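Residue-level listing of the chains:
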Amino acid sequence: MSDIIISPSILSADFANLERDIRRVEEAGAQWLHIDVMDGHFVPNITIGVPVVESIRKITKLSLDVHLMIENPEKYIEPFANAGADILTFHYEASKDVNALIKLIKSYNIKAGMSIKPKTSADVVLPYLNDLDLVLIMTVEPGFGGQKFMNDCAKKIALIRKNAPKNLIIQVDGGINAETARICTALGANSLVAGNYIYKSEDIQSSVKALLQS
Ligand code: DX5
Ligand code: ZN
């Protein structure tokens, strides 16, 4: 069993056949499901909200890894937690009070994650490493699937891993494929989000397997 947690991003799935596409990654051995929530303000795109998470919760046992690319995340922690999220990741750039957000998420007995955009320095997460369950390092500008991996962002992984307690999950998101995955795991990442590499590939099984082995 791999120590790397694969979180396929359903943003690249076929929304008209979402259950089928979730089964495909379950069968391939993915452990989490990445759900990108975008509000058209924090990022220039609108995707899915609470009712979709509620419906997905009913059909899968995969951990629901919800990536909140939204302003005012504090308003939406309760609804997403009640909808069945297992991990809630907010953006540092959208937070007014990081400690309060972490506390709020943990009050629902779920994992608290914080993400940083490409231009945000890794230093900003250091004060919170003992309280967070997960740090998500964006390796593209958030907003859209299918963008090119930014190598410079991956360099942040090493600094965070060096300062992190041993249970911290370091996740990367954006432009992940078998090759870029290896760069990230070598630096200390242990959770990989992938949208296009998994869902736009000819063979979903082999793509997930390649990531599990990276
Ligand atoms: C982008 C999202 C990603 C996206 C990744 O803002 O956070 O999760 O789905 O897609 P790929 O893997 O295609 O870059
Ligand atoms: Zn994401």
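For the structure given in this document, a descriptive report is provided here. (Residues numbered from 1 in each chain as written. Chains lettered and ligands numbered in written order. Predicted model: local features only at pLDDT ≥ 70, side-chain atom pairs only at ≥ 80, totals over all residues. Heavy atoms only, no water.)

### Examining the packing of aromatic side chains
Working step 1: For the structure shown, the criterion picks out zero aromatic pairs.
Working step 2: Directly above the ring of Phe42 sits Lys117, whose terminal nitrogen or CZ lies 5.0 Å from the centroid. (Phe/Tyr/Trp six-rings, centres within 6.5 Å; stacked < 30°, edge-to-face > 60°. Lys NZ or Arg CZ within 6 Å of the ring centre and 35° of its normal.)

### A closer look at the coordination of the zinc ion (ligand 2)
Under perfect tetrahedral coordination by four donors, a metal shows angles of 109.5 degrees; under perfect octahedral coordination by six donors, it shows angles of 90 or 180 degrees.
Working step 1: The coordination sphere of the zinc ion (ligand 2) contains the protein donors His34 (NE2), Asp36 (OD), His67 (ND1) and Asp173 (OD), at a distance range of 2.1 to 2.3 Å.
Working step 2: Every donor counted, the six donor atoms about the zinc ion (ligand 2) form angles of 71 to 169 degrees at the centre, which fits octahedral coordination.
Working step 3: Written as a sequence motif, the donor residues of the zinc ion (ligand 2) are H-x1-D-x30-H-x105-D. Of this pair, Asp36 sits in strand E2 (residues 32–38) while Asp173 sits in strand E7 (residues 169–173), placing them 137 residues apart in sequence. (Donors = N, O, S within 2.8 Å, 3.2 Å for Na, K, Ca; no water. Tetrahedral: all angles 85-135°; square planar, octahedral: opposite > 155°, others 65-115°. Helix = DSSP H or I, 4+ residues; strand = E, 2+ residues; numbered from the N terminus.)

### Considerations on the side chain of Ser12
Working step 1: With respect to the helices and strands, the residue Ser12 is situated in the loop between strand E1 (5–8) and helix H1 (18–28).
Working step 2: On the accessibility criterion, Ser12 (6% relative accessible area) is buried. (Buried < 20%, exposed > 50% of the residue type's maximum accessible area, 1.4 Å probe, protein only.)

### So, the nonpolar core
Working step 1: Within the largest apolar cluster, 62 residues are counted, with the highest numbers of intra-cluster contacts made by Ile10 and Leu88.
Working step 2: Ignoring anything within four residues of it in the chain, the contact list for Leu88 reads Val66, Leu68, Ile77, Phe80, Ala81, Ile105, Ile110, Lys111, Ala112 and Gly113.
Working step 3: Membership of the second largest hydrophobic core comes to eight residues, among which are Leu134, Leu136, Met138 and Ile169. (Core = buried A, V, L, I, M, F, W, Y, C linked by side-chain atoms within 4.5 Å. Contact = heavy atoms within 4.5 Å.)

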